[in-house]
Amino acid sequence: MPELPEVETTVRGLVPVLQGQRVKSAETRRADLRWPFPPDLRQRLTGALITGLGRRAKYGLIDTDRGDTLIFHLGMSGKWRVDPAELGAHDHFVMETEDGRRVALNDPRRFGSVDLVRTEALAAYKPFIAMGPEPLGNAFTADYLKIALRDRSASIKLLLLDQRIVAGLGNIYVCEALHMAGISPRTAGGRISKPRLEALVQAIRNVLVAAIEAGGSSLRDYARPDGELGYFSKEWRVYGREGEECHCGALVRRRVDGGRSTFYCPTCQR
DNA sequence: GCACATGTTGGCAT
DNA sequence: CATGCCAACATGTG
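Since this is a predicted model, take the numbers as computed values, not measurements.

> Quick one: what's the story with the layout of surface pockets, residue by residue and with numbers?
Each pocket or cavity is described by its volume, and for the largest pocket that value is around 720 Å³. Lining the largest pocket are 27 residues, and of these Lys58, His73, Gly75, Met76 and Arg260 lie nearest its centre. When contributions to the lining of the largest pocket are tallied by element, the ones reaching two or more residues are helix 5 (156-161) and helix 6 (171-181). Class assignment for the residues of the lining of the largest pocket results in 15 nonpolar, seven polar and five charged.

Here's what the structure looks like:
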């Protein structure tokens with residue numbers, strides 16, 4: 001589920017449930033996800049007031065009035081279930097609010113994570129230290145990309161997946177953005193012209209905004225016990241569409257880069 | 001049984 | 001030190 005738009009949609013779905021609420025209980029139901037839960041998680045959250053929620057790249061942020069920020073990552077299979085009727089095998093972390101709502105972090109593959117850090121020290125959180133700019137922020141420009149990609153021989157596909165260059169993109173949206181910008185996924189990052197970088201920045205912005213809007217349009221359906229998100233896979237133009245026709249009439253191809261599938265149109269993307 | 005999956009990272013070679 | 005590339009993590013689905 002989770003690249004930047006999915007995390008953004010998730011956070012927006014949690015806001016009406018958690019923001020301004022006091023934590024009645026916080027429970028871990030196993031010792032770890034990708035790494036152990038903070039040992040003092042329950043104590044530091046119980047009784048705390050949730051003051052706000054946010055996102056950095058693919059990480060969700062939940063601030064409390066005690067100066068702590070809960071940081072969660074959804075890994076490959078993580079999602080929050082809102083007011084589940086009952087808890088299941090993969091509901092690894094559960095919080096209840098004083099007004100009776102309950103949220104459960106469900107993650108079968110357990111590639112996700114939960115941490116609790118001092119809000120003032122967020123910038124020093126290990127995954128954030130070398131992280132690149134937000135793709136929807138002002139710092140992400142063609143000028144920035146030109147410098148970040150200078151002399152890089154690796155493919156633009158792999159470079160865009162590198163969170164140090166730009167933070168929040170994953171395999172789906174990289175494929176989609178490259179298609180939208182008409183750039184071949186195997187082009188060396190350092191050899192892309194400025195005008196094409198402009199197109200790429202715009203494509204990345206457009207695809208993320210469209211995905212968030214699609215998530216947003218089904219947001220009212222988000223807070224369901226089964227934890228399903230209304231999803232927008234119908235809008236993918238190349239991802240998961242090997243052998244189908246691109247709008248140009250050519251057939252979408254699939255290749256493997258760095259062990260991951262790349263979907264692209266050999267005609268539109270040069 | 002097999003292939004594949006929206007992510008991250010540690011290790012190794014260059 | 002920088003860069004590029006792989007395997008590994010754990011579980012589910014088709």
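> How would you sum up helix 1 (residues 4-18)? Please name residues and give values.
Spanning 15 residues, helix 1 covers 20 Å between terminal C-alpha atoms, matching the ideal 21 Å at 1.5 Å per step. Counted residue by residue, helix 1 has twelve buried out of 15 residues, so it is predominantly covered. Those residues of helix 1 lying buried are Leu4, Pro5, Glu6, Val7, Glu8, Thr9, Thr10, Val11, Gly13, Leu14, Val17 and Leu18. Gly20 sits one or two residues past helix 1 and shows a positive phi near 80°.

> An account of the sheet that holds strand 6 (residues 91-97) is requested, with residue identities and associated values reported.
Spatially, 1-6-7-5 is the arrangement adopted by the four strands of the open sheet, whose pairing is antiparallel. What marks the edges here is a single partner per strand, and that holds for strand 1 (23-28) and strand 5 (79-82). Taking the axes of each pair of neighbouring strands and ignoring which way they run, one obtains an average angle of 20° across the sheet. Pairing of strand 5 with strand 7 (residues 102-106) involves four bridges; the strand directions are antiparallel. Along strand 7, the bridge assignment pairs Val82 with Val103.

> Before we move on, can you summarise the side chain of Thr9 with the specific residues and values?
Tracing the backbone through its elements, the reader meets Thr9 in helix 1. Among the polar contacts made by the side chain of Thr9, one reaches the main-chain carbonyl oxygen of Pro5 at a distance of 2.8 Å.

> Just give me the short version of helix 6, but keep the residues and values in it.
Counting buried positions along helix 6 gives ten out of eleven residues, so the element sits mostly inside the fold. Gly182 sits one or two positions beyond helix 6 and adopts a positive phi of about 70°.

> Residue-level account of the protein's contact with DNA strand C, with values.
Neighbouring DNA strand C are the residues His90, Pro108, Arg109, Arg110, Phe111, Arg152, Ser153, Ala154 and Gly258. Residue composition of the surface near DNA strand C, grouped by class: three nonpolar, three polar and three charged.

> Break down the pairing of strand 8 (residues 113-118) for me, with residues and values.
With respect to burial, strand 8 is a largely interior element, five of its six residues being buried. The pairing of strand 4 (residues 68-73) with strand 8 spans six bridges and is antiparallel. Following the sheet pairing, Leu70 is matched in strand 8 by Leu116.

> Account for the packing of aromatic side chains, naming residues and giving values.
Inspection of every chain in the model, using the stated rule, returns nine aromatic pairs. Centroid distance Tyr59 to Phe128: 5.2 Å. Interplanar angle 85°. Geometry classified as edge-to-face. Placement of Tyr59 in strand 3 (residues 59-64) and of Phe128 in helix 3 (residues 126-129) is noted, with a sequence separation of 69 residues between them. The residues Tyr59 and Phe128 share a single accessibility class, namely buried. Ring geometry for Tyr239 versus Phe263: centroids 5.1 Å apart, planes at 70°, classification edge-to-face. Of the two residues, Tyr239 is situated in the loop between helix 7 (194-217) and strand 9 (253-257) and Phe263 in strand 10 (residues 260-264); the sequence distance between them amounts to 24 residues. On the basis of relative accessible area, Phe263 is assigned to the buried category, the value being 7%.

> Tell me what's going on with the sheet that holds strand 3, and back it up with residues and numbers.
Taken in spatial order, the four strands of this open sheet run 2-3-4-8, and their pairing is antiparallel. Each edge of the open sheet carries a strand with a single partner, namely strand 2 (50-56) and strand 8. On average, each strand axis in the sheet is inclined to that of its neighbour by 20°, with strand direction left out of account. Summarising the sheet, strand 3 and strand 4 pair through five bridges and their orientation is antiparallel. Residue pairing for strand 4: Tyr59 is matched across the bridge by His73. Those strands touched by helix 1 are strand 2, strand 3 and strand 4, and its axis lies near 175° from that of strand 2.

Scoring rules and cut-offs
Residues numbered from 1 in each chain as written. Chains lettered and ligands numbered in written order. Predicted model: local features only at pLDDT ≥ 70, side-chain atom pairs only at ≥ 80, totals over all residues. Heavy atoms only, no water. 1 Å grid on protein atoms, 1.4 Å probe; cavity = no way out; pocket = protein on both sides within 12 Å on 5 of 7 lines; lining within 4 Å. Points joined across faces, edges and corners; volume = space filled by probe spheres on them. Helix = DSSP H or I, 4+ residues; strand = E, 2+ residues; numbered from the N terminus. Nonpolar A, V, L, I, M, F, W, Y, C, P; charged D, E, K, R; others polar. Expected span 1.5 Å × (residues − 1). Buried < 20%, exposed > 50% of the residue type's maximum accessible area, 1.4 Å probe, protein only. Pairing = 2+ DSSP bridges. Axes fitted to C-alpha atoms, helices over the stretch in contact; angles between N-to-C directions. Polar contact = N/O pair within 3.5 Å; in protein donor to acceptor, adjacent residues only side chain to side chain. Near = heavy atom within 4 Å. Phe/Tyr/Trp six-rings, centres within 6.5 Å; stacked < 30°, edge-to-face > 60°. Contact = heavy atoms within 4.5 Å.

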